[in-house]
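# Observations on chain architecture
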Amino acid sequence: MTHLDAAAAARPSQATLDVQIAHLQREGEHGAYVAEMEAGEALHSARAALADLLGPGLSPDDVTFHHSASTAFAALLAAWPLPPGARIGVLPSEYGSNMFVLEARARQAPLELIDLPVDPQGVIDLDVLDRMGITSPGAARPLALTELDLVVFPHVPSQSGIVQPAAEIGSRCAAAGVPLILDVAQSLGQIGVSDIQASAYVGTSRKWLCGPRGTGFLAVRGDLAERINVAVPSLYSMGRGRDGRPVPLPGLARLGIGEASIASRVGLAQALSELLVSDPPLVFARIVYLASCGRRVLDGAGGWRVRERPDSPTGIVTLEPPPGVDLVAVHDRLYRQDAILTSAIPVQRSRDLAGPVLRVSAHVYNDPGEFERLAAALSREDGNSPSRA
């Protein structure tokens, strides 16, 4: 199998698989709750590693696990204190699931979702933001960043190989006193994020960190956790005060979840340890190098066109199909006939997609020759396409 799908779910190492199996065996021998207690050190190391990767000022206590990046985002947004009529800065490239959550919160409050200015590639336009402000359909004039109550966006979109200037936006938000929730699901593990001043982060295990499915995380800086509400009241997020009334648990415990795959969390701990000992900057550089090779080889193969700039500093490459080509059918044939794994990204993924794209994403276990194999397969598809028969 030629695995070019790290942006969906990267290949875990054998050691990561082994620690999960060993944990499941302990669950069978000692019971799931005892096994979880025995895994306490590994789980703490995972939170510590995430805090280290996310940047200075975070400790393991500022990080908690969730089921996925999407559920972490939903829980964090539901618990985030916002005034009536609040304005939230978003991007057209926001992940579809997160956008549904934002729109649902806007209907309940109500809140106003305002698009930040972007350039033709979909990257936040800092010059327009600084000079002209933020255009809002409901405002008589452009808004300044200080007039927003929250900013949320993905560092790297799911459907495009671009990188948002998160460090620059983070510093502007900090200066304006506006909290920033940064989605690092598609960046942590392939791009450095430690220089970004975000108030909170959400991410996942299964993509560039090479961990298992079923585990996400969220992190909140400083004492902000004490000002967050409870997303879902339960015995894992609430307690009772001396008067018997429900009260949130302290810190991030108020966003805690009960039932979870502890084996997946243990697997993430192993994957994180492997990343840290492998020298993350070298890992990031290798991923960017592979993607640059892929863009050079794939652009034009069989009439497919690369959407990103050649020097885009991310491992995601997206391809627009030739006219009349069924992208989903090509994706399926690549897998079944050529044993090449990619992702077919539908237009529902985000508001900024004009049409479906084929996403190709390589990790350090890939080599440039695998892009040559994909290019050859796409060229054969061109010859077999009904639109060219």
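Keep in mind it's a predicted model, so treat the numbers as computed, not measured.

Bringing the environment of G251 into the picture now. Within the fold, G251 resides in the loop between β10 (246–248) and α9 (262–277). Separated by 212 residues in sequence, G251 and A39 place their C-alpha atoms 22 Å apart. Not counting chain neighbours up to four residues away, the residues in contact with G251 comprise A225 and E226.

A few words on a nonpolar patch on the surface. Together, Y33, L235 and Y236 give the surface a local cluster of nonpolar side chains, amounting to about 430 Å² of exposed area. By secondary structure assignment, the location of Y33 is in helix α3 (residues 32–38).

Time to look at the UniProt feature "modified residue: N6-(pyridoxal phosphate)lysine" (unreviewed entry) in the protein chain. The sites that UniProt annotates as "modified residue: N6-(pyridoxal phosphate)lysine" (unreviewed entry) are K207. The topology assignment puts K207 in the loop between β7 (200–204) and β8 (216–220). For K207, the side chain forms a polar contact with the main-chain oxygen of A7, separated by 2.8 Å.

This brings us to the domain arrangement of the protein chain. Taken domain by domain, the protein chain consists of domain 1 (2–9 + 280–379) and domain 2 (14–278). Between the C-alpha centres of domain 1 and domain 2 there is a distance of 26 Å. Of the residues lining the interface, 32 residues belong to domain 1; the matching set on domain 2 comes to 31 residues. Both sides of the domain 1 and domain 2 interface together cover about 2400 Å² of buried area, and 55% of this is carbon and sulfur. When the area that domain 1 buries against domain 2 is broken down by residue, the three leading residues are F284, R349 and R351, summing to 25%. Applying the counting rule to domain 1 against domain 2 returns one salt bridge. A salt bridge links D115 to R351; the shortest N-O distance between them is 2.8 Å. Here domain 1 and domain 2 share 18 residue pairs in polar contact (both at pLDDT 80 or more) between them. Secondary-structure elements contributing two or more residues to the side of domain 1 that touches domain 2 are α1 (6–9), α10 (280–298), β12 (316–320) and β15 (357–361).

On to the sheet that holds β7, then. An order of β2-β8-β7-β6-β5-β3-β4 is seen for the seven strands of this open sheet, with the pairing classed as mixed. Among the strands making up the open sheet, the edge pair consists of β2 (63–66) and β4 (112–115). On average, adjacent strands in this sheet sit at an angle of 20° to one another, irrespective of strand direction. Relative to strand β5 (residues 150–154), strand β3 (residues 87–90) runs parallel, the two sharing two bridges. Residue pairing for β5: I88 is matched across the bridge by L150. Along the sheet, helix α5 (residues 69–79) makes contact with β2, β5, β6 (180–183), β7 and β8, crossing β7 at roughly 155°.

Thresholds, definitions, all that
- Residues numbered from 1 in each chain as written.
- Predicted model: local features only at pLDDT ≥ 70, side-chain atom pairs only at ≥ 80, totals over all residues.
- Heavy atoms only, no water.
- Helix = DSSP H or I, 4+ residues; strand = E, 2+ residues; numbered from the N terminus.
- Contact = heavy atoms within 4.5 Å.
- Patch = residues over 30% accessible without salt bridge, like charges linked within 9 Å, V, L, I, M, F, W, Y side chains within 5 Å.
- Areas by Shrake-Rupley, 256 points an atom, 1.4 Å probe, with all protein chains shown as cover.
- Salt bridge = Lys/Arg side-chain N within 4 Å of Asp/Glu carboxyl O.
- UniProt positions renumbered as here; feature names shortened; annotations may be inferred.
- Polar contact = N/O pair within 3.5 Å; in protein donor to acceptor, adjacent residues only side chain to side chain.
- Domains from an automatic or database assignment.
- Buried area = accessible area lost by both parts, 1.4 Å probe.
- Pairing = 2+ DSSP bridges.
- Axes fitted to C-alpha atoms, helices over the stretch in contact; angles between N-to-C directions.

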